[in-house]
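What follows is the residue order along each chain.
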Amino acid sequence: MNVMELTLERFRNMFQRTNEEELPMLKVGVIGCGGMGRDHIKRLVERTQGATVTAVADMVDELLDQGAAIAGSGCKKFKNADDLINCPDVDAVFIVTPGFAHKDALLSAIRAGKRIFCEKPLCTTAEDCLEVINAEVKSGKHLIQLGFMRRYDKGYLQIKEALKSGEYGAPLIVHCTHRNPLVPDSYTTEMAVHDTAIHEIDVIHWLVDDDFVSAQVLFPRVTGAAAAHLKDPQIMLLRTKSGICVDDEVFVNCKFGYDINCEVVCEDGALKMAQPSYPDVRKGAKVATTIDTDCFVRFHDAYDAEVQGWVSDAAAGVINGPTAWDGYLAAITADALVRAQKSGAIEEIKPAQEKPAFYN
Ligand code: ISE
């Protein structure tokens, strides 16, 4: 079996393994019924095997009603996250609130011993991430999976398998682009790190299996399409412990589409991520191929695979996806990039504590 066949088999297994096993029904409570929360409720209800949404929570009545309507009859409604977490009809919780509300919900769910799927970021500060990590370690149970869905994308998985095969030698350089067609006026220069580049921060660290040690940011000429306060595009540079250099072009007003690219240059070959497949259309003496326009379409299958994986793993009580420690590493890397945006210098990335053996 060659490298590509191996990857595709693994990808198919993510969706199919539940067909072979009878999964017990996992009763999920979803905290946060905004756009992302409703998307997850729909996914859990319509496309995930072995899960049912028994409760939803949101402070905003209208959103709560919308979330409950997608979950279907019998779904309990809560205004308060703690009440949902402690509801006996909830085995596991989804945390899909804004980032600043994650910490309290995470600590409460750990106290209740409930399995957790938390959308990125883990918390908004590195200190808060450590508090959550220490609480999880103290509980003695692996409870938290973090929503870094790119690790479940077929394109990244193919590159991961190719790197693991050893056929191409050691990775040396990674080129990434992260382009959004446009962002709202509320999007800030710092969000280019915390909201956008955070995906490359996690997925590249996982892909090359190495930790980042330094960060730098370059500001090219600003596009006329950006709001006056926003520096767009940006080039984010990261270096890993073994010396791999990563460049990430973050361009969130590129206008033409949602365009995610990744190429890993190795000692003995270069691995460029395949794009989702669309037909080449010939018309008017031109050949054209579709580019997606948003992350929900581009990463539709990855989102489904990560949630199915989390539900399937519940039966065995294990977490195979990104952990709270990955969330902490992403947070300190993002903090260094934001410092670099301000200083113009190369900023060091150093964890405040060793990785607990619990996460090995
Ligand atoms: C958004 O929050 C995401 O997670 C998207 O994947 C990213 O492309 C976008 O820039 C972010 O704002």
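Predicted model, so just to flag it, every value in this text is computed and none were measured.

(A) A look at the overall build of the protein. Looking only at helices and strands, one finds 11 helices and 15 strands in the protein. Scaling as 2.2 N^0.38, a compact globule of 360 residues should have a C-alpha radius of gyration of about 21 Å, and the protein matches this with 21 Å. Each principal axis of the C-alpha atoms in the protein carries an extent, and together these give about 55 × 50 × 40 Å. Expressed as a percentage of its 360 residues, the buried residues of the protein come to 52%. For the protein, the proportion of contacts with a sequence separation of at least 24, taken over those separated by at least 6, is 73%.

(B) The arrangement of the pattern of salt bridges in detail. This structure, assessed with the given rule, holds 19 salt bridges. A salt bridge links D304 to R47; the shortest N-O distance between them is 2.8 Å. Here D304, found in helix α10 (residues 300-314), pairs with R47, found in helix α2 (residues 35-47); they are 257 residues apart in sequence, far enough to count as distant. For the salt bridge of D89 with K76, the shortest nitrogen-to-oxygen distance reads 2.6 Å.

(C) Inspection of the sheet that holds strand β6 (residues 144-147) at higher detail. What the six strands build is an open sheet, ordered β3-β2-β1-β4-β5-β6; its pairing is parallel. The sheet is open, and its two borders are formed by β3 (76-78) and β6, each paired with just one other strand. Averaged over all pairs of adjacent strands, the angle between strand axes in this sheet comes to 25°, irrespective of strand direction. Sheet analysis places strand β1 (residues 26-31) next to strand β4 (residues 92-95), joined by four bridges and oriented parallel. The residue bridging V30 from the neighbouring strand is F94, located in β4. Contacting β2 (51-57) and β3, helix α3 (residues 61-71) crosses the sheet at an angle of about 165° to β2.

(D) Structural context of the state of the cysteines. Per the stated rule, a full pass over the model turns up zero disulfides. With no disulfide partner, C262 has as its closest neighbouring cysteine sulfur the one in C176, 4.6 Å distant. We classify C262 as buried; its relative accessible area is 2%. C262 supplies the cysteine sulfur nearest to C266, a cysteine that is in no disulfide, at a spacing of 10 Å. With a relative accessible area of 6%, C266 lands in the buried category.

(E) Broad picture of the site of the ligand. By nearness alone, every residue bordering the ligand is listed as K120, H178, N180, D195, T196, H199, Y258 and C295. Within the side chain of H178, a nitrogen or oxygen atom sits 2.6 Å from an oxygen atom of the ligand. Residue H199 places a side-chain N or O atom 2.8 Å away from an oxygen atom belonging to the ligand. Across the complex, the protein chains shield 82% of the 300 Å² of accessible surface that the ligand would expose by itself. Here the element with the most residues in the shell around the ligand is helix α8 (residues 191-208); it accounts for three residues. Of the residues that constitute the shell around the ligand, the class distribution is two nonpolar, four polar and two charged.

(F) The arrangement of the pairing of strand β5 (residues 115-119) in detail. Within β5, five of the five residues are buried, which leaves the element mostly enclosed by the surrounding structure. Note: β4 against β5, four bridges, orientation parallel. By the bridge assignment for β5, F94 is matched with F117. Assessed by its sense of winding, the connection that carries the chain from β4 through helix α5 (residues 102-111) to β5 is right-handed. Pairing of β5 with β6 involves four bridges; the strand directions are parallel. Looking across to β6, one finds that C118 is bridged to L146. In the classification by handedness, the crossover that spans β5, the intervening helix α6 (residues 126-139) and the parallel β6 is right-handed.

(G) Seen up close, the packing of α2 against α10. Running from N to C, α2 and α10 point in directions that differ by 65°, and their axes come no closer than 11 Å. Comparing the axis directions of α2 and α10 gives the class roughly perpendicular. In this structure, the crossing between α2 and α10 has a hand that is right-handed. Contacts from M36, H40, R43, L44 and R47 in α2 reach H300, Y303, D304, E306, V307, Q308 and V311 in α10. Of the residues belonging to the contact of α2 with α10, the class tally is five nonpolar, three polar and four charged.

(H) Structural context of the pairing of β1. Where burial is concerned, most of β1 is hidden: five out of the six residues are buried. As judged from the six bridges shared by β1 and β2, these two strands associate in the parallel manner. Paired with K27 across the two strands is T52, which belongs to β2. The β-α-β motif built from β1, the intervening α2 and the parallel element β2 has right-handed crossover chirality.

(I) Molecular detail of the packing of aromatic side chains. Taken as a whole and assessed by the stated rule, the structure comprises seven aromatic pairs. Summarising the aromatic geometry, the rings of F117 and W310 are spaced 5.9 Å apart at their centres and angled 70° between planes, so their arrangement reads as edge-to-face. Highlighted residues: F117 in strand β5 and W310 in helix α10, separated in sequence by 193 residues. Across the pair, exposure class does not vary: F117 and W310 are buried alike. On the basis of an interplanar angle of 20° and a centroid distance of 6.0 Å, the ring pair of F296 and Y303 is categorised as stacked. On the basis of relative accessible area, F296 is assigned to the partly exposed category, the value being 34%. The buried category is assigned to Y303, whose relative accessible area is 4%. Aromatic rings pair up to connect F94, F117 and W310 into one cluster. Above the plane of the ring of W206 lies K160, whose end atom (NZ or CZ) is 5.0 Å from the centre. For the cation-ring pair, K231 lies above F219, with the distance from its terminal atom to the ring centre recorded as 4.6 Å.

Reading guide: rules and limits
- Residues numbered from 1 in each chain as written.
- Predicted model: local features only at pLDDT ≥ 70, side-chain atom pairs only at ≥ 80, totals over all residues.
- Heavy atoms only, no water.
- Helix = DSSP H or I, 4+ residues; strand = E, 2+ residues; numbered from the N terminus.
- Rg over C-alpha atoms; globule rule 2.2 N^0.38 Å.
- Buried < 20%, exposed > 50% of the residue type's maximum accessible area, 1.4 Å probe, protein only.
- Contact = heavy atoms within 4.5 Å.
- Salt bridge = Lys/Arg side-chain N within 4 Å of Asp/Glu carboxyl O.
- Pairing = 2+ DSSP bridges.
- Axes fitted to C-alpha atoms, helices over the stretch in contact; angles between N-to-C directions.
- Disulfide = S-S within 2.5 Å.
- Near = heavy atom within 4 Å.
- Polar contact = N/O pair within 3.5 Å; in protein donor to acceptor, adjacent residues only side chain to side chain.
- Areas by Shrake-Rupley, 256 points an atom, 1.4 Å probe, with all protein chains shown as cover.
- Nonpolar A, V, L, I, M, F, W, Y, C, P; charged D, E, K, R; others polar.
- Right-handed = clockwise from strand over helix to strand, strands pointing away.
- Parallel < 35°, antiparallel > 145°, perpendicular 65-115°, else oblique.
- Left-handed = near helix turned anticlockwise from the far one by under 90°.
- Phe/Tyr/Trp six-rings, centres within 6.5 Å; stacked < 30°, edge-to-face > 60°.
- Lys NZ or Arg CZ within 6 Å of the ring centre and 35° of its normal.

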